[in-house]
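One-letter residues, chain by chain:
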Amino acid sequence: MKKQELYNKVIAYFQEAMPVAETELHYNNPFELLIAVILSAQCTDKRVNMITPPLYRDFPTPEALAASTPEVIYEYIRSVSYPNNKAKHLVGMAQMLVKDFHSEVPGTLEELVKLPGVGRKTANVIQSVVFNKAAMAVDTHVFRVSHRIGLVPQTCTTPLATEKYLMKYIPKEIVPTAHHWLILHGRYVCVARTPKCSECGLNGLCRYSLKPAL
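Residues numbered from 1 in each chain as written. Predicted model: local features only at pLDDT ≥ 70, side-chain atom pairs only at ≥ 80, totals over all residues. Heavy atoms only, no water.

1. Quick word on helix α1 (residues 3–17)
- Counted at 1.5 Å a residue, the expected span for α1 with its 15 residues is 21 Å, and the 21 Å between its end C-alpha atoms agrees.
- Among all positions in α1, only Leu6, Tyr7, Val10, Ile11 and Phe14 are buried. In a view along the axis of α1, the buried residues occupy a sector of 130°, so they form one face of it.
- Taken together, the buried residues of α1 touch α9 (140–149), α10 (159–169) and α11 (175–188). (Helix = DSSP H or I, 4+ residues; strand = E, 2+ residues; numbered from the N terminus. Expected span 1.5 Å × (residues − 1). Buried < 20%, exposed > 50% of the residue type's maximum accessible area, 1.4 Å probe, protein only. Arc of directions from axis to C-beta. Contact = heavy atoms within 4.5 Å.)

This is the structure:
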């Protein structure tokens, strides 16, 4: 099967099986989503959603968060992974928003990655979810699923290589949705240790399910 044909079949499957696909992080505005995505690094969305309501309530604006300290923020986020670093990142991010971006979340990759705690993956999430740009954020789920299905070759050994390969074959207008298809499929079906192949509509199409049994 040619690569584009595989992509077409996978896209058609997800369009039917998962017509609505969006982030599971809770937020009310771009600033809150930026906070949530920074907190979600190596942490579950469920955990982030548990701890963000008081944080959003007490620090509703970049100005409010910028005026706080990492020590104060730590108490709100202590149950997430790497809370010390993330507390520093959140305060630093808010201070830069106020100082350099008129308290608005910027919309370009180049601007976003200047913010503390924001790497390429986080920047792509913001571009995709907030600004509906064709930006593919490759997290552990996207990386795993795209390799297992066979959307990318085994030579794509980094998130960046995987991102660039996916972007060659996925139509730009559906990239924001496709990003969530792959995440949600990896979170609930194509899970890391024991993928639920018997429940998967891509069974028999993906590279992983076609591997001969040992």
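Here the narrative resumes.
2. With respect to the UniProt feature "binding site: [4Fe-4S] cluster" (unreviewed entry) in the protein
- In the numbering adopted here, UniProt assigns the feature "binding site: [4Fe-4S] cluster" (unreviewed entry) to Cys190, Cys197, Cys200 and Cys206. The named residues occupy 17 residues along the chain; their greatest pairwise C-alpha distance, 10.8 Å, places them in one compact cluster.
- With respect to the helices, strands and loops of the structure, cysteine 190 is situated in the segment after α11.
- Excluding its chain neighbours within four sequence positions, the residues that come into contact with cysteine 190 are Arg144, Val145, Arg148, His185 and Pro195.
- Examined against the element boundaries, cysteine 200 turns out to sit in the segment after α11. (UniProt positions renumbered as here; feature names shortened; annotations may be inferred.)

3. Considering unusual backbone geometry
- Although it is not a glycine, serine 103 adopts a positive phi angle of roughly 65°.
- Tracing the backbone shows serine 103 in the loop between α6 (83–100) and α7 (109–112).
- One non-glycine residue, asparagine 132, lies in positive phi territory at about 55°.
- Tracing the backbone through its elements, the reader meets asparagine 132 in the loop between α8 (120–131) and α9.

4. Let's talk about the UniProt feature "domain: HhH-GPD" (unreviewed entry) in the protein
- UniProt's entry tags residues 39–188 with the feature "domain: HhH-GPD" (unreviewed entry), counted in the numbering of this structure.
- The span residues 39–188 is 65% helical and 0% strand by assignment, and the distance between its end C-alpha atoms comes to 21 Å.

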